[in-house]
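The chain contents come next:
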Amino acid sequence: MTIIGHQKQWEFLKKSAELGKLSHAYLFTGQEKLGKKRVALEFLSLLFGQDPSGHPDLILLQPIGTQIQISQIRDLSWQLSLKPYSAKIKAAIIDQAHLMNAEAQNCFLKTLEEPRGNTILILITEYPEFLFPTIRSRCEIIKFYPLPKKEIEDYLKEQGIKEREVQIISQISEGKLGVAIDFLKEPKKLKEREELINELIKLTKSDLIFRFQYAKKISKRPDLKEILNLWLSYFRENLISNLNSQANPKILKKLTMILQKIQSTNFLISTTNVNPRLALEILMLEI
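What you see is a predicted model; the values in this text were computed from it and never measured.

Rules behind the numbers
- Residues numbered from 1 in each chain as written.
- Predicted model: local features only at pLDDT ≥ 70, side-chain atom pairs only at ≥ 80, totals over all residues.
- Heavy atoms only, no water.
- Helix = DSSP H or I, 4+ residues; strand = E, 2+ residues; numbered from the N terminus.
- Buried < 20%, exposed > 50% of the residue type's maximum accessible area, 1.4 Å probe, protein only.
- Contact = heavy atoms within 4.5 Å.
- Areas by Shrake-Rupley, 256 points an atom, 1.4 Å probe, with all protein chains shown as cover.
- Lys, Arg positive; Asp, Glu negative; His and termini not counted.
- Charge placed at Lys NZ, Arg CZ, Asp CG, Glu CD.
- Patch = residues over 30% accessible without salt bridge, like charges linked within 9 Å, V, L, I, M, F, W, Y side chains within 5 Å.
- Salt bridge = Lys/Arg side-chain N within 4 Å of Asp/Glu carboxyl O.
- Phe/Tyr/Trp six-rings, centres within 6.5 Å; stacked < 30°, edge-to-face > 60°.
- Core = buried A, V, L, I, M, F, W, Y, C linked by side-chain atoms within 4.5 Å.
- Polar contact = N/O pair within 3.5 Å; in protein donor to acceptor, adjacent residues only side chain to side chain.
- Axes fitted to C-alpha atoms, helices over the stretch in contact; angles between N-to-C directions.
- Left-handed = near helix turned anticlockwise from the far one by under 90°.
- Nonpolar A, V, L, I, M, F, W, Y, C, P; charged D, E, K, R; others polar.
- Pairing = 2+ DSSP bridges.

**Describing the overall build of the protein chain**
Inference 1: Scanning the protein chain for helices and strands turns up 13 helices and 5 strands.
Inference 2: Its C-alpha atoms give the protein chain principal-axis dimensions of roughly 60 × 45 × 35 Å.
Inference 3: Residue burial in the protein chain is summarised as follows: out of 287 residues, 46% are buried.
Inference 4: At a minimum sequence separation of 6, the contacts of the protein chain that also span at least 24 residues come to 72%.
Inference 5: Carbon and sulfur atoms make up 52% of the accessible area of the protein chain, which totals about 15,600 Å².
Inference 6: One way to put it: in the protein chain the 42 positive side-chain charges average out to a point 3 Å from where the 33 negative ones average out.

**A word on the side chain of Ser219**
Inference 1: Following the sequence through the fold, Ser219 ends up in the loop between helix 10 (208-218) and helix 11 (224-244).
Inference 2: The exposure class of Ser219 is buried, given its relative accessible area of 14%.
Inference 3: Ignoring anything within four residues of it in the chain, the contact list for Ser219 reads Leu224, Pro276, Arg277 and Leu280.

**Brief notes about a nonpolar patch on the surface**
Inference 1: Where nonpolar side chains cluster on the molecular surface, the patch consists of Leu208, Phe212, Leu278, Ile282 and Leu285 and spans about 440 Å² of accessible area.
Inference 2: Of all elements in the fold, only helix 10 and helix 13 (276-284) reach the threshold of two or more residues within the nonpolar patch.
Inference 3: Within the secondary structure, Ile282 is located in helix 13.

**Overview of the packing of aromatic side chains**
Inference 1: Scanning the entire structure with this criterion turns up 6 aromatic pairs.
Inference 2: Centre to centre, the rings of Tyr127 and Phe130 are 6.0 Å apart; their planes meet at 40°, and the pair counts as tilted.
Inference 3: The partly exposed category is assigned to Phe130, whose relative accessible area is 33%.
Inference 4: Aromatic side chains Tyr234 and Phe235 sit 5.2 Å apart centroid to centroid with 80° between the ring planes, which places their arrangement in the edge-to-face category.
Inference 5: Residue classification places Tyr234 among the partly exposed positions, given a relative accessible area of 21%.
Inference 6: Overall, Phe235 belongs to the buried group, its relative accessible area being 4%.
Inference 7: Connected via pairs of aromatic rings, a cluster forms that spans Tyr127, Phe130 and Phe267.

**A closer look at the nonpolar core**
Inference 1: Counting residues in each nonpolar core, the largest one holds 27 residues, and the members touching the most others are Leu228, Trp231, Phe235 and Ile262.
Inference 2: Listing elements by their share of this core, those giving two or more residues are helix 9 (188-204), helix 10, helix 11, helix 12 (249-271) and helix 13.
Inference 3: Here this core gets 8 residues from one element, more than from any other, and that element is helix 11.
Inference 4: When neighbours within four sequence positions are excluded, Phe235 is seen to be in contact with Leu200, Thr204, Leu255, Ile258, Leu259, Ile262 and Ile287.
Inference 5: Core analysis: the next-biggest nonpolar cluster, separate from the first, contains 24 residues, Ile70, Met100, Leu123 and Cys139 among them.

**Looking at the environment of Lys110**
Inference 1: Mapped onto the elements, Lys110 comes out in helix 4 (residues 102-113).
Inference 2: For Lys110, a relative accessible area of 56% gives the class exposed.

**Focus on the side chain of His55**
Inference 1: Along the chain, His55 falls in the loop between helix 2 (36-48) and strand 2 (58-61).
Inference 2: Among the polar contacts listed, one links the side chain of His55 to the backbone nitrogen of Asp57, at a separation of 3.0 Å.
Inference 3: If we skip the residues at most four places from it in the chain, His55 touches Phe48, Gln50, Ser86 and Ala87.

**Details of the packing of helix 9 against helix 10**
Inference 1: Contact pair helix 9 / helix 10: the axes reach a minimum separation of 9 Å and the direction vectors enclose 145°. For the crossing formed where helix 9 meets helix 10, the hand is left-handed. Residue-level inspection shows Leu196, Glu199, Lys202, Leu203 and Thr204 of helix 9 in contact with helix 10, the latter providing Phe210, Arg211, Tyr214 and Lys217.
Inference 2: Residues that form the contact of helix 9 with helix 10 fall into these classes: 4 nonpolar, 1 polar and 4 charged.

**Structural notes on the sheet that holds strand 5 (residues 140-143)**
Inference 1: As summarised here, the arrangement of the 5 strands in space is 2-3-4-1-5, forming an open sheet in which the pairing is parallel. The open sheet terminates on both sides in strands that have one partner only, identified here as strand 2 and strand 5. The mean inter-strand angle of the sheet, taken between neighbouring strand axes irrespective of direction, is 15°.
Inference 2: Sheet analysis places strand 3 (residues 90-95) next to strand 4 (residues 119-125), joined by 6 bridges and oriented parallel. In the strand pairing of strand 4, Lys90 is matched with Thr119.
Inference 3: The strands touched by helix 2 are strand 1 (25-29), strand 2, strand 3 and strand 4; relative to strand 4, the strand with the most contacts, the crossing angle is about 170°.
Inference 4: Packed on one face of the sheet, helix 3 (residues 70-81) meets strand 2, strand 3 and strand 4 and runs near 175° to strand 2.

Right, here's the structure in full:
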């Protein structure tokens, strides 16, 4: 596995390992699909001396539904209490750590306060503010940022992608390597993206009945979060275009409000048990 971008973060982690100054817990923060988990796995590969994927001394914890439950954290604590199977350390990656509910966070805090043996914990999250301050304060916080467009372009060229597709993918990835990789794995996503944008344009010109019907349809889709991210990208580009052309302030205000509503809707759907259809219907009143 190769690290694409994030060189400052990687050099810090690598240097910490070389000097033997590892933290017991790390908090990787930043937008989704920036490559945080990729860096975490590469870091553990360095510590394990081999690929950690499927390694018996690595625990990968992910939410069940929309939460990480206390039972998962209790099981994690038990697994970390056992001696390493073959590596020198035991490690855990908690993906979407912000989805730990209050009980789970309280339980996890005990694991942070009373570490057992030689363990490394890596929490990955888009929303660090959802974690207790006491958890954040006990972690080494490493922030991740979108990659420069050129770094994604270079990566795509190395994969043998045609120049036209390189430009399209690097543009719509918005600095998120994970998004670019998704397009590489599933080329049909580019066509699907175009279809979704056409549907969105039609949506903005339709009445509420059509919008509510559309909300009902997409509320059941497993890729709803991706659809909302696409809407964000579309309206953000629209806003930038209008800013550059010095458009009517009312248009700019409307686009800004739409962006805020999409962000809040995406946030609610991603982090709570809100009814997706209801959240989308409220959003439809603004688009």
